[in-house]
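As a plain string of letters, each chain reads:
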Amino acid sequence: MNTQDFIALEEQYGAHNYHPLDVVVHSAQGAWVTDVEGNRYLDCLAAYSAVNQGHCHPAIVKAFIEQAKNVTLTSRAFRNDQLPLLCADLHDLTGYEMSLPMNSGAEAVETAVKAARKWGHTVKGIPQDKAEIICATDNFHGRTVTIVSFSTEPQYRDGFGPLTPGFPIAKYGDIEDLKAKITPNTAAFLVEPIQGEAGIIVPPEGYLREAARICKENNVLLICDEIQSGLGRSGRLFAFEYEGIRPDMVIIGKALSGGFYPVSAVLSSKAILGVFKPGDHGSTFGGNPLAAAVARAALKVLVDEKLVERSFELGNYFMERLRSIPSAHVVEVRGRGLWIGFVLDTKARPYCEALMREGLLCKETHDNVIRFAPPLVITKEEIDWAFDRISKVVLALD
Ligand SMILES: *Cc1c(COP(=O)(O)O)cnc(C)c1O
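Nothing here was measured: the structure is a model prediction, and the numbers come from that model.

About the thresholds
Residues numbered from 1 in each chain as written. Predicted model: local features only at pLDDT ≥ 70, side-chain atom pairs only at ≥ 80, totals over all residues. Heavy atoms only, no water. Near = heavy atom within 4 Å. Polar contact = N/O pair within 3.5 Å; in protein donor to acceptor, adjacent residues only side chain to side chain. Areas by Shrake-Rupley, 256 points an atom, 1.4 Å probe, with all protein chains shown as cover. Nonpolar A, V, L, I, M, F, W, Y, C, P; charged D, E, K, R; others polar. Pairing = 2+ DSSP bridges. Helix = DSSP H or I, 4+ residues; strand = E, 2+ residues; numbered from the N terminus. Contact = heavy atoms within 4.5 Å. Axes fitted to C-alpha atoms, helices over the stretch in contact; angles between N-to-C directions. Phe/Tyr/Trp six-rings, centres within 6.5 Å; stacked < 30°, edge-to-face > 60°. Buried < 20%, exposed > 50% of the residue type's maximum accessible area, 1.4 Å probe, protein only. Core = buried A, V, L, I, M, F, W, Y, C linked by side-chain atoms within 4.5 Å. Domains from an automatic or database assignment. Buried area = accessible area lost by both parts, 1.4 Å probe. Salt bridge = Lys/Arg side-chain N within 4 Å of Asp/Glu carboxyl O. 1 Å grid on protein atoms, 1.4 Å probe; cavity = no way out; pocket = protein on both sides within 12 Å on 5 of 7 lines; lining within 4 Å. Points joined across faces, edges and corners; volume = space filled by probe spheres on them.

S.K.: A description of the site of the ligand should follow, citing residues and the corresponding values.
M.R.: Close to the ligand lie Ser104, Gly105, Ala106, Phe140, His141, Gly142, Glu192, Asp225, Ile227, Gln228 and Lys254. At 2.8 Å, a backbone N or O of Ala106 approaches an oxygen atom of the ligand. Note that a nitrogen atom of the ligand is positioned 3.4 Å from one of the backbone N or O atoms of Phe140. For the ligand, whose free accessible area comes to 380 Å², the fraction covered by protein is 81%. Looking at the shell around the ligand residue by residue, the class counts come to 3 nonpolar, 5 polar and 3 charged.

Structure, rendered in structure tokens:
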């Protein structure tokens, strides 16, 4: 079977809820993927930052296979000997007292929403069913019905109602609007420290610091969605560190497994996660031993290979080089760490298609932004290689 055969099968038998580039990947290693024709590409998306550790990292493969031979799933009806170690590792790495494991990012967001609502009702004293969670414009937190209920993107919501109430929207980056939206019924403010899907939007300096202060003043929980920005992508372990704050809850996913397996978690304090009593919330696969073993290995790779520091240094280098491309179509190059929004004044899709023909995979976000987010194991030489292709394509399309 060749590329066209696979595409035809998928188009015929699979739902069309994505518009992928027409490359059919067969295998991958580190920052590189190989398609079914044997062509190699440098991966500059890293599965939306789920493979920060690089594809098929040998240490994670090893942990995966060893654990798969021991036990993969106990359900939380019984205990297993991997989950406690993951919870301890997450505590040691992040300083948060407790964690609650789930599978996908969206499930962890739902978990944080449930924790914040229950905290609002039982601890803060908000009248039953009145808890509000303020969200930001242009947010992305996943695709469940409740989560799309607080999306401001019409396509994510249209046709999927009735939607879940209780989510006022404040303009991202606008501290006055946040203040205006807080009421006695506000349980939490849910925000991405840097908005990924919106096009790598870094909020104004001081915004999160001020938001944290206002939340504290009003007894409102600050929840940071670090599913994409976290675990090294931004050049810090967490993007909120740039503002010197400490959110009440942090949501992680994606790179928590190095791309092997859906693993997510909510990190918080005993006081907040303590609102969950046995039976309040759960998941058959959440906290399973295979996921826990893989996540432990993935976190260890981040630390052992100093990927957070690497992201910071190489990100600055890559951004500086990209800013030097003398093209009239480049509006802005922005981002943090190896998480770069390359903003054009025209549609980005043709650029991504041209880059694919040059052996570099990336994806447009919001029409006119290309996101460059390679695995954090990428080398300086590979960045130079990528830069040469990007520069060539951008200038050719001028
Ligand atoms: C990807 C993402 C999610 C959703 O994660 P899934 O695993 O796709 O459900 C939530 N929030 C942010 C910021 C994300 O980037």
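S.K.: Before we move on, could you go through the sheet that holds strand β5 (residues 132-136) and cite the residues and values that matter?
M.R.: Taken in spatial order, the 7 strands line up as β4-β10-β9-β8-β7-β5-β6 in an open sheet, and their pairing is mixed. With one partner strand each, in any of the chains shown, β4 (98-102) and β6 (169-170) form the two edges of the open sheet. Bridge analysis of strand β9 (residues 249-252) against strand β10 (residues 264-268) gives 3 bridges, and the strand direction is antiparallel. Residue pairing in the sheet places Ile252 in a bridge with Ala265 of β10. The strands touched by helix α5 (residues 105-124) within the sheet are β4, β5, β7 (186-191), β8 (221-225), β9 and β10, with β9 carrying the most contacts at an inclination of about 165°.

S.K.: Describe the side chain of Arg233, with residues and values.
M.R.: With respect to the secondary-structure elements, Arg233 resides in the loop between β8 and β9. A distance of 2.9 Å separates the side chain of Arg233 from the side chain of Ser49, its partner in a polar contact. At 2.8 Å, the side chain of Arg233 forms a polar contact with the backbone oxygen of Pro374.

S.K.: Give a detailed account of the packing of aromatic side chains, specifying residues and quantitative values.
M.R.: Applying the stated criterion to the full structure yields 9 aromatic pairs. Taking the centre distance of 6.4 Å and the plane angle of 65° together, the rings of Phe64 and Tyr261 count as edge-to-face. Pair noted here: Phe64 is in helix α3 (residues 58-70) and Tyr261 is in the loop between β9 and β10, with a separation of 197 residues, a long-range link. Classification of Phe64 as partly exposed rests on a relative accessible area of 24%. When the ring of Phe140 is compared with that of Tyr156, the centres are 6.0 Å apart and the planes differ by 80°; the resulting orientation is edge-to-face.

S.K.: Tell me about the sheet that holds strand β14 (residues 363-365), and name the residues and values.
M.R.: Strand order in the open sheet formed by 4 strands is β11-β12-β15-β14, with antiparallel pairing between adjacent strands. The sheet terminates laterally at β11 (330-335) and β14, the two strands that pair on one side only. When the angles between neighbouring strand axes are averaged without regard to direction, this sheet yields 30°. Sheet topology places strand β12 (residues 340-344) next to strand β15 (residues 369-372); 4 bridges connect them, and they run antiparallel. Within β15, the residue paired with Gly341 across the bridge is Arg371. Contacts from helix α12 (residues 307-323) reach β11, β12 and β15 within the one sheet, and its direction differs from that of β11 by about 175°.

S.K.: Which residues make up the nonpolar core, and what values do they have?
M.R.: By size, the foremost hydrophobic cluster in this structure holds 78 residues, and its most contacted members are Phe189, Leu322, Phe342, Phe372 and Ile390. Here this core gets 10 residues from one element, more than from any other, and that element is helix α11 (residues 289-304). When residues are assigned to domains, this core turns out to be shared by domain 1 (3-56 + 306-396) and domain 2 (71-304), each giving three or more. Once residues within four sequence positions are removed from consideration, Phe189 is found in contact with Ile134, Cys135, Leu178, Tyr207, Ala211, Cys215, Val220, Leu221, Leu222 and Ile223. With 27 residues, the next largest nonpolar core counts Leu100, Phe150, Phe167 and Phe276 among its residues.

S.K.: Hey, could you go over the domain arrangement of the chain for me, with residue numbers and the actual values?
M.R.: In terms of domain boundaries, the chain breaks down into domain 1 (3-56 + 306-396) and domain 2 (71-304). For domain 1 versus domain 2, the separation of C-alpha centres amounts to 27 Å. Summing both partners gives a buried area of about 2500 Å² for domain 1 against domain 2, and 58% of it is carried by carbon and sulfur. Taken as a group, Gln53, Arg336 and Trp339 account for 30% of the area that domain 1 buries against domain 2, more than any other trio of residues on that side. Linking domain 1 with domain 2 are 1 salt bridge. Note that Arg371 is salt-bridged to Glu197, the shortest N-O span being 2.8 Å. Scanning the region where domain 1 abuts domain 2 turns up 21 residue pairs in polar contact (both at pLDDT 80 or more). For the side of domain 1 that touches domain 2, the secondary-structure elements that each account for two or more residues are α2 (46-49), α12, β11, β12 and β15. It is α12 that contributes the most residues to the side of domain 1 that touches domain 2, 4 residues altogether.

S.K.: Describe empty space enclosed by the protein, naming the residues involved and giving the relevant values.
M.R.: Overall, the coordinates contain 2 cavities of 30 Å³ or more when judged by the stated rule. Put simply, the largest cavity is a space of about 70 Å³. Along its surface, the largest cavity is lined by Asp138, Asn139, Phe140, Thr152, Glu153, Tyr156, Glu197, Ala198 and His366. Considering only residue class, the lining of the largest cavity consists of 3 nonpolar, 3 polar and 3 charged. Size it by volume and the second largest cavity reaches roughly 40 Å³.

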